[in-house]
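# Per-entry structural report
One letter stands for each residue in the lines below.
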Amino acid sequence: MASSTFSKQKPCDSCWTPKQNKVFEKALAKYDKDTPDRWHNVAKAVGGKSAEEVKRHYEILLEDLRHIESGHVPIPNYRSTPSTFPL
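Reference entry: report on the structure contained in this document. This is a predicted model, so every value here is computed, not measured. (Residues numbered from 1 in each chain as written. Predicted model: local features only at pLDDT ≥ 70, side-chain atom pairs only at ≥ 80, totals over all residues. Heavy atoms only, no water.)

## Let's talk about the overall build of the protein chain
Scanning the protein chain from terminus to terminus reveals four helices and zero strands. Seen in sequence order, the protein chain has helices and strands lined up from the N terminus as α-α-α-α. Counting all 87 residues of the protein chain, 25% fall into the buried class. Long-range contacts, defined as pairs at least 24 residues apart, comprise 48% of the intrachain contacts of the protein chain with a sequence gap of at least 6. Counting only carbon and sulfur atoms, one obtains 57% of the accessible surface of the protein chain, whose full area is about 6,800 Å². (Helix = DSSP H or I, 4+ residues; strand = E, 2+ residues; numbered from the N terminus. Buried < 20%, exposed > 50% of the residue type's maximum accessible area, 1.4 Å probe, protein only. Contact = heavy atoms within 4.5 Å. Areas by Shrake-Rupley, 256 points an atom, 1.4 Å probe, with all protein chains shown as cover.)

Structure follows, in structure tokens:
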């Protein structure tokens, strides 16, 4: 997440575990934009988050993607070595 975006969040909004993020991603795929009560369903799947919190998390994700795609976030230069990534 971009630090400028992160600083705008309330503390409770930023408390997403890796597991919650993975469930969130899967729920977004399952409940697409045409699904009635999408955010309620996503929140129920994630657990411990309100529909408003998951909707805000999605909006932050979209904002971050826009920053990345517009070139405002540099792409990291990952180096691989034979010992790091064996064939």
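## Some details on the packing of aromatic side chains
Any aromatic ring pair is given by two values, namely how distant the centres are and how the planes are angled relative to each other. In total, this model carries two aromatic pairs according to the counting rule given. Geometrically, the ring pair formed by Trp16 and Phe24 is edge-to-face, given 5.4 Å between the ring centres and 70° between the ring planes. Taking the centre distance of 5.1 Å and the plane angle of 45° together, the rings of Trp39 and Tyr58 count as tilted. Taken together, the residues Trp39 in helix H3 (residues 38-46) and Tyr58 in helix H4 (residues 51-69) connect sequence positions 19 residues apart. Using a relative accessible area of 19% as the deciding quantity, one classes Trp39 as buried. With a relative accessible area of 21%, Tyr58 lands in the partly exposed category. The positively charged end of Arg38 is found above the aromatic ring belonging to Tyr58, 5.1 Å away from the centroid. (Phe/Tyr/Trp six-rings, centres within 6.5 Å; stacked < 30°, edge-to-face > 60°. Lys NZ or Arg CZ within 6 Å of the ring centre and 35° of its normal.)

## Quick look at the pattern of salt bridges
For the coordinates displayed, the defined rule picks out two salt bridges. Taking the shortest distance from any N to any O, the salt bridge between Glu25 and Lys22 comes out at 3.5 Å. Of this pair, Glu25 and Lys22 both sit in helix H2 (residues 18-30), three residues apart, which is roughly one turn of that helix. Accessibility expressed as a relative area gives 46% for Lys22, which makes it partly exposed. The partner of Arg56 in a salt bridge is Glu59, with the nearest N and O atoms 3.8 Å apart. (Salt bridge = Lys/Arg side-chain N within 4 Å of Asp/Glu carboxyl O.)

## Examining the packing of H2 against H4
H4 packs onto H2 with a crossing angle of 85° between their chain directions and a minimal axis gap of 12 Å. Looking at the two axes, H2 sits roughly perpendicular to H4. Across the interface between the two elements, Asn21, Phe24 and Leu28 of H2 pack against Val54, His57, Tyr58 and Leu61 of H4. Looking at side-chain class alone, the contact of H2 with H4 contains five nonpolar, two polar and no charged residues. (Axes fitted to C-alpha atoms, helices over the stretch in contact; angles between N-to-C directions. Parallel < 35°, antiparallel > 145°, perpendicular 65-115°, else oblique. Nonpolar A, V, L, I, M, F, W, Y, C, P; charged D, E, K, R; others polar.)

## Things to note about H4
Residues spaced three or four apart along an α-helix face the same direction, because each turn holds 3.6 residues. With 19 residues, H4 extends 27 Å between its outermost C-alpha atoms, agreeing within 8% with the 27 Å of an ideal straight helix rising 1.5 Å per residue. Looking only at H4, the buried set comprises Glu53, Val54, His57, Ile60, Glu63 and Asp64. (Expected span 1.5 Å × (residues − 1).)

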